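Structural features, examined
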Amino acid sequence: MGPSRRALLIATITAAGGLPTACGTDSQPSHGLVVSDSPRSVGTAATPVSPPASLSTSTPGAAATRGPVEVRRTRFASAARGREVGMAVVAPRVADGLGVCLVLHGRGDDAARAVSLLGLEAQLGTVLAAGAAPFALVTLDGGETYWHRRASGDDPETMILDEVLPRLDQLGLRTSRIAVTGWSMGGYGGLLLAHRHPERVVAVAASSPAMWHSYGASAPGAFDSKADFAAHPVLGTAPAPGVAYRIDCGESDPFISVSREAAVTLRAQERNFGPGGHTPSYWRSVTPAQLTFVGAALARTA
């Protein structure tokens, strides 16, 4: 008999030497401050869920294995996004019944780069070794949608709810309540998902969330119109019932002011506004604390 879908999460991962620099406009490191979401100058129906595609083991270069945590990758045809998308599951070898934390990437990145950008397999392994209850991290391709339905019909929100979570459920993961992390575009996306679906989200940890007070100030392409901006608010909203919040932002980040504001209005249980900029090195530095935060919230739902 062939392996079960749940057994597909079992493999050994080796880690590539070093962490790559980020790609795209949202997280590209430089010698100075990176401002990717600069100011502007001026629904798809759900489809039946097919069994998930076989997950392939990541195969980075020769290096020491990273303990019991592994990375498994797959691609599937998303009706909600109208294209093939990538997904990666970063989880301990024994994955049945584990809670899920989605990792929403920033603008210009994707599911594969999210894993290497933050060093997720090593970061999760370190947090678990420190005593956190085990859980799974899941990265997704979100394009440059700012994680909400666009006028083109590209709908990453529906992809998450109607395509990704059922696939994870079939892999044996626990998806009734999930956590979300993300940086920049993805930080905004995580806060937005909690605002719109508090019945599914138990905790959000957002790094440098890309947010603006007006459509005119937002980054080009972040929203389709003034009406689209108004329909997807985060700033000025009250905390979603039952959702725990953590917000991190470096003092040299262009989003420091709105991050501080959101931490107050959302009554964030944890907030961190120390040294740092809008850079991958900053996002990596706060990942352990964020994973500890969302892991504790997921453990309370078990």
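The coordinates are above.
Throughout what follows, the structure given in this document is the object of discussion. Bear in mind that the values here come from a model prediction, so they are computed numbers and not experimental data.

Below, the discussion takes up the overall build of the protein. When you go through the protein residue by residue, the secondary structure sums to 7 helices and 9 strands. Here the protein holds 302 residues, and the buried ones make up 55% of them. If you sum the accessible surface of the protein, you get close to 11,700 Å²; carbon and sulfur atoms cover 56% of it.

According to the stated counting rule, one finds 13 salt bridges in the structure shown. Across the pair E144 and R107 runs a salt bridge, and its minimum N-O distance is 3.3 Å. You can see E144 sitting in the loop between β5 (135–140) and α3 (156–170) and its partner R107 sitting in the loop between β4 (99–104) and α1 (111–118), a full 37 residues away along the chain. Residue E144 is classed as partly exposed on the basis of its relative accessible area of 41%. Here R113 and D109 are joined by a salt bridge, their closest N and O atoms 3.4 Å apart. Where salt bridges share partners, they join R75, E84 and D141 into one cluster.

Turning our attention to the packing of aromatic side chains. Per the stated rule, a full pass over the model turns up 8 aromatic pairs. Between W212 and F255, the aromatic rings sit 5.7 Å apart at their centres with planes inclined by 80 degrees, giving edge-to-face as the arrangement. Of the two residues, W212 sits in the loop between β7 (201–207) and α5 (226–231) while F255 sits in the loop between β8 (244–248) and α6 (256–265), which places them 43 residues apart along the sequence. Taken together, the aromatic side chains of Y146, Y188, W212, F223, F229 and F255 make up a single cluster linked through ring pairs. Geometry around F76 places R167 over its ring, the cationic atom sitting 4.2 Å from the centre.

Below, the discussion takes up α1. Inspection of α1 places A111, A114, V115, L117 and L118 among the buried residues, and these make up the whole buried set. The N-terminus of α1 is capped by D110, whose side-chain oxygen sits 3.3 Å from the backbone nitrogen of A112.

One broad rule of soluble globular proteins: the nonpolar side chains tend to lie buried together. Counting residues in hydrophobic clusters, the biggest one holds 57 residues, and the most contacted among them are L102, L140, M159, I160, L168, W212 and Y245. For L140, the contacting residues outside a window of four places in its chain are G86, M87, L102, V103, L104, H105, D110, A111, W147, M159, I160 and V164. The next biggest cluster of nonpolar side chains, apart from the first, holds 30 residues, and it includes V90, V103, L137 and A179.

Now for the environment of G142. Note that G142 resides in the loop between β5 and α3. Separated by 36 residues in the primary sequence, G142 and G106 have C-alpha atoms spaced 8.7 Å apart. Apart from residues no more than four positions distant in its own chain, G142 is found in contact with R81, H105 and W147.

In this section: the pairing of strand β3 (residues 83–92). With respect to burial, β3 is a largely interior element, 8 of its 10 residues being buried. With antiparallel pairing between neighbouring strands as the criterion, strand β2 (residues 69–78) and β3 make up a hairpin whose turn holds 4 residues, including G82 at a positive phi of roughly 70 degrees. Relative to β5, β3 runs antiparallel, the two sharing 4 bridges. Paired with M87 across the strands is L140, a residue of β5.

So, about unusual backbone geometry. Not every positive phi belongs to a glycine, and S208 is a case in point at roughly 45 degrees. By the secondary structure assignment, S208 is in the loop between β7 and α5. Assessed through its relative accessible area of 0%, S208 is described here as buried. Positioned with a positive phi, R267 is a non-glycine residue whose angle comes to about 50 degrees. Summarising the element assignment, R267 is placed in the loop between α6 and β9 (270–272).

The next point concerns the pairing of β7. For β7, the buried fraction is high: 7 of the 7 residues fall into the buried class. Summarising the sheet, strand β6 (residues 174–183) and β7 pair through 6 bridges and their orientation is parallel. Bridging from a neighbouring strand, I178 pairs with V201 of β7. One crossover worth recording links β6 to the parallel β7 by way of helix α4 (residues 185–196), and it is right-handed. Summarising the sheet, β7 and β8 pair through 5 bridges and their orientation is parallel. Residue pairing for β8: A206 is matched across the bridge by I247. Taken together, β7, α5 and β8 constitute a β-α-β crossover, and its handedness is right-handed.

A word on the environment of D96. By the secondary structure assignment, D96 is in the loop between β3 and β4. Given a relative accessible area of 42%, D96 falls into the partly exposed group. Taking C-alpha positions, D96 is 5.7 Å from L173, a pair spaced 77 residues apart along the chain.

The rules we used
- Residues numbered from 1 in each chain as written.
- Predicted model: local features only at pLDDT ≥ 70, side-chain atom pairs only at ≥ 80, totals over all residues.
- Heavy atoms only, no water.
- Helix = DSSP H or I, 4+ residues; strand = E, 2+ residues; numbered from the N terminus.
- Buried < 20%, exposed > 50% of the residue type's maximum accessible area, 1.4 Å probe, protein only.
- Areas by Shrake-Rupley, 256 points an atom, 1.4 Å probe, with all protein chains shown as cover.
- Salt bridge = Lys/Arg side-chain N within 4 Å of Asp/Glu carboxyl O.
- Phe/Tyr/Trp six-rings, centres within 6.5 Å; stacked < 30°, edge-to-face > 60°.
- Lys NZ or Arg CZ within 6 Å of the ring centre and 35° of its normal.
- Polar contact = N/O pair within 3.5 Å; in protein donor to acceptor, adjacent residues only side chain to side chain.
- Core = buried A, V, L, I, M, F, W, Y, C linked by side-chain atoms within 4.5 Å.
- Contact = heavy atoms within 4.5 Å.
- Pairing = 2+ DSSP bridges.
- Right-handed = clockwise from strand over helix to strand, strands pointing away.

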